[in-house]
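Inside the fold
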Amino acid sequence: MRVSTLLRLLGRLGVVCVALVAFSVIGVQYARLIGRNIALAHELRDVEHDVASLKVKRVQQERDIRRLSDANGAIPEIHDRLHLVGEHEAIIYLKHGKQP
């Protein structure tokens, strides 16, 4: 009787060990998947942020293109960037002085 009891106990311990190993492998796989999902979620958030900022930039650039396509919008830009003036025009530079 002792041998059969011992064999039954060893068999149960073996089954428990195999189950622990299986659960450990499954747990490690789930941990990897969760880690990968978190990394992809962060990457997706960054990409969405980039897309939103590029949309804002595109709207601003389209606004600048429309403004610069018109002569009335381009002339002030030419004055500011190139410091060019037309006939009978002058550029006056002002220095910021100390407040009295």
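Whatever comes next refers back to the structure up there.
Note that this is a predicted model, so its numbers are computed, not measured. (Residues numbered from 1 in each chain as written. Predicted model: local features only at pLDDT ≥ 70, side-chain atom pairs only at ≥ 80, totals over all residues. Heavy atoms only, no water.)

Quick look at helix α2 (residues 71–82)
Between its first and last C-alpha, α2 extends 15 Å over twelve residues, near the 16 Å set by a 1.5 Å rise per residue. Just beyond α2, the residue with positive phi is H83, at close to 55°. (Helix = DSSP H or I, 4+ residues; strand = E, 2+ residues; numbered from the N terminus. Expected span 1.5 Å × (residues − 1).)

Section: the packing of helix α1 (residues 2–69) against α2
Look at α1 against α2: their axes get within 5 Å of each other, and the N-to-C directions meet at 100°. In terms of their interaxial angle, α1 and α2 are classed as roughly perpendicular. Residues R67, L68 and S69 of α1 form the contact with α2, whose participating residues are A71, G73, A74 and E77. Grouping the amino acids of the contact of α1 with α2 by side-chain chemistry returns three nonpolar, two polar and two charged. (Axes fitted to C-alpha atoms, helices over the stretch in contact; angles between N-to-C directions. Parallel < 35°, antiparallel > 145°, perpendicular 65-115°, else oblique. Contact = heavy atoms within 4.5 Å. Nonpolar A, V, L, I, M, F, W, Y, C, P; charged D, E, K, R; others polar.)

Some thoughts on the side chain of E77
Examined against the element boundaries, E77 turns out to sit in helix α2. One polar contact links E77 to R81, side chain to side chain, over a distance of 2.6 Å. Every residue in contact with E77, bar those within four places of it in the chain, is listed here: R67, L68 and L82. (Polar contact = N/O pair within 3.5 Å; in protein donor to acceptor, adjacent residues only side chain to side chain.)

Some thoughts on unusual backbone geometry
Here H88, not a glycine, exhibits a phi torsion of approximately 65°, which is positive. In this structure, H88 sits in the segment after α2.

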